[in-house]
Amino acid sequence: MQGFGETIFAEMSALAVRTGAINLGQGFPDEEGPEAVLDAAVEAIRTGANQYPPGPGLPRLREAVSAQRLARYGLSYDPATEVFVTVGATEGIAASVLALAGPGDEVIVFEPYYDSYAAVIALAGAVRRPVTLRPVEGRFTFDPDELRAAVGPRTKAILVNSPHNPAGTVFTRAELEAIAGVCREHDLVAITDEVYEYLTFDDAEHIPLATLDGMRERTVAVSSAGKSFSVTGWKTGWVTAPAPYVRAVQTVKQFLTYAVSAPYQRAAAYALANEIPWVEELRKSLQAKRDRLITGLEAAGFSTYRPQGTYFVQADIRPLGFTDGMALARALPEKAGVVAIPTQVFYDDAAAGAHFVRFAFCKKDEVIDEAVERLARLR
Ligand SMILES: *Cc1c(COP(=O)(O)O)cnc(C)c1O
């Protein structure tokens, strides 16, 4: 793990604390999830959910996940053999990569990529093959030829995150078809990170890759309660996949953490079954916060990319006369009292992301307003 030092989030959050800056770096909401879901967790502790639950997860959560995939996407998974509970999406992705890729194998990722992908591919002894997302007409996308060129004889899997953090892209059906075509042609497994499945804006629609022709049988889908229900500290996630893949993931996961916190599993099952209307309100509120932040960033002199989903806006720093996002992010707390994340840390090709910084908008309106007021001083 040499080369994987302190994460950028730890560095920037420590900087925020030291300087008293407003932290628009790490993406966690500053408002609570649904009251009844919080109560369900408390109730679970009070009513005995305090010992090791079954390794694959509580049946009620696996049933709730199965019901959610069916109702929302028409995807049918057997809760007994095809649904598996993990310590957040992070462990679901880690166990999937460790199960499916070994030393010398290759895993394709779209860059900028979520930081745990690179680390867990390294833990597996595998090699990451990045395909760069680049802005085209206001949104980040990939060149299908570059994707095809990234496949080699050792390629085992492709990691697909949509809605995409940090680019904000929700892959269209055409983009997903291009990915599915490569998977089918080269017999690759797709590991999909769908943690923002509900948090899409305007007319963007989240389409699970597993719904495309021939993909259910080769897709390991990962999601979690954290982003949907504003409980990022609960670290309760799940994997849905054909039974042989679930068995492989389970074989790894049982020795990582064995099982997942029982009270949060009960509460997550409650949330999936009862609080989707709450999530719809969250989605609308986040869309308004996105627009609020973008208006402020543009007024402060950044140029921005309007995300189709997630918690994050990419801002181009060049209109303000800066070129190095890392240097700006390190200086920003002193210069303007705001913390952002330099997007280049999520690329192998750092030059491709050098001039972007990522701001989170999953914050109270007054926090966003104060942040953009401070950023206006940069001019
Ligand atoms: C937040 C996030 C995760 C982690 O989800 P947990 O359930 O907290 O482990 C995974 N992938 C992406 C893209 C995320 O933004």
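The preceding data block contains the structure.
For clarity, every value in this text was computed on a predicted model and none was experimentally measured.

A. Region of the structure containing the site of the ligand. Looking at the ligand, the residues that line it are Gly 88, Ala 89, Thr 90, Tyr 114, Asn 161, Asn 165, Asp 193, Val 195, Tyr 196, Ser 224, Lys 227 and Lys 235. In the environment of the ligand, an oxygen atom lies 2.9 Å from a nitrogen or oxygen atom belonging to the side chain of Asn 165. Within the side chain of Asp 193, a nitrogen or oxygen atom sits 2.6 Å from a nitrogen atom of the ligand. When isolated, the ligand has an accessible area of 390 Å², and the protein chains bury 94% of it. Counting residues per element, the shell around the ligand draws most heavily on helix α4 (residues 88-100), which supplies three residues. Split into classes, the residues belonging to the shell around the ligand amount to four nonpolar, five polar and three charged.

B. Region of interest: helix α1 (residues 8-19). In this model α1 runs 16 Å from its N-terminal to its C-terminal C-alpha over twelve residues, within 8% of the 16 Å that 1.5 Å per residue would give. If you follow the buried residues of α1, they end up packed against β1 (22-23), α5 (115-123), α12 (325-336), β13 (338-339), β14 (341-342) and β15 (356-360). Positive backbone phi, at 70°, marks Gly 20, one or two positions downstream of α1.

C. Summary view of the sheet that holds strand β12 (residues 312-316). The sheet built from four strands is open, its strands ordered β11-β12-β15-β14 with antiparallel pairing. Edge strands, defined here as strands with exactly one partner in the open sheet, are β11 (303-305) and β14.

D. Layout of the nonpolar core. Among the nonpolar cores identified, the biggest contains 88 residues, and Leu 159, Leu 293, Phe 302, Phe 359 and Leu 375 are the most heavily contacted of them. No other element matches helix α11 (residues 276-300), which puts seven residues into this core. Discounting chain neighbours no more than four positions away, the residues touching Leu 293 are Leu 24, Val 313, Phe 359, Ala 360, Phe 361, Ile 368 and Val 372. Phe 110, Leu 133, Ala 150 and Val 151 belong to the second largest nonpolar core, which has 28 residues in total.

E. Structural context of the pairing of strand β2 (residues 83-86). The side-chain alternation of β2 yields two buried faces, one formed by Val 83 and Val 85 and the other by Phe 84 and Thr 86. Two strands pair when backbone bridges link them, and β2 and strand β10 (residues 237-240) are joined in this way by four bridges, in the antiparallel orientation. Paired with Val 85 across the two strands is Trp 238, which belongs to β10.

F. Here's a closer look at the sheet that holds β10. What the seven strands build is an open sheet, ordered β2-β10-β9-β8-β7-β3-β4; its pairing is mixed. In the strand order of this sheet, the two ends are held by β2 and β4 (127-132), each with one partner. This sheet shows a mean twist of 25° between the axes of neighbouring strands, independent of strand direction. In the sheet, strand β3 (residues 106-111) pairs with strand β7 (residues 155-161) via four bridges, with the strands oriented parallel. The partner of Ile 108 across the bridge, within β7, is Ile 158. Packing of helix α3 (residues 59-73) onto the sheet brings it into contact with β2, β9 (219-224) and β10, and relative to β2 it is tilted by some 120°.

Rules used throughout
Residues numbered from 1 in each chain as written. Predicted model: local features only at pLDDT ≥ 70, side-chain atom pairs only at ≥ 80, totals over all residues. Heavy atoms only, no water. Near = heavy atom within 4 Å. Polar contact = N/O pair within 3.5 Å; in protein donor to acceptor, adjacent residues only side chain to side chain. Areas by Shrake-Rupley, 256 points an atom, 1.4 Å probe, with all protein chains shown as cover. Helix = DSSP H or I, 4+ residues; strand = E, 2+ residues; numbered from the N terminus. Nonpolar A, V, L, I, M, F, W, Y, C, P; charged D, E, K, R; others polar. Expected span 1.5 Å × (residues − 1). Contact = heavy atoms within 4.5 Å. Pairing = 2+ DSSP bridges. Core = buried A, V, L, I, M, F, W, Y, C linked by side-chain atoms within 4.5 Å. Buried < 20%, exposed > 50% of the residue type's maximum accessible area, 1.4 Å probe, protein only. Axes fitted to C-alpha atoms, helices over the stretch in contact; angles between N-to-C directions.

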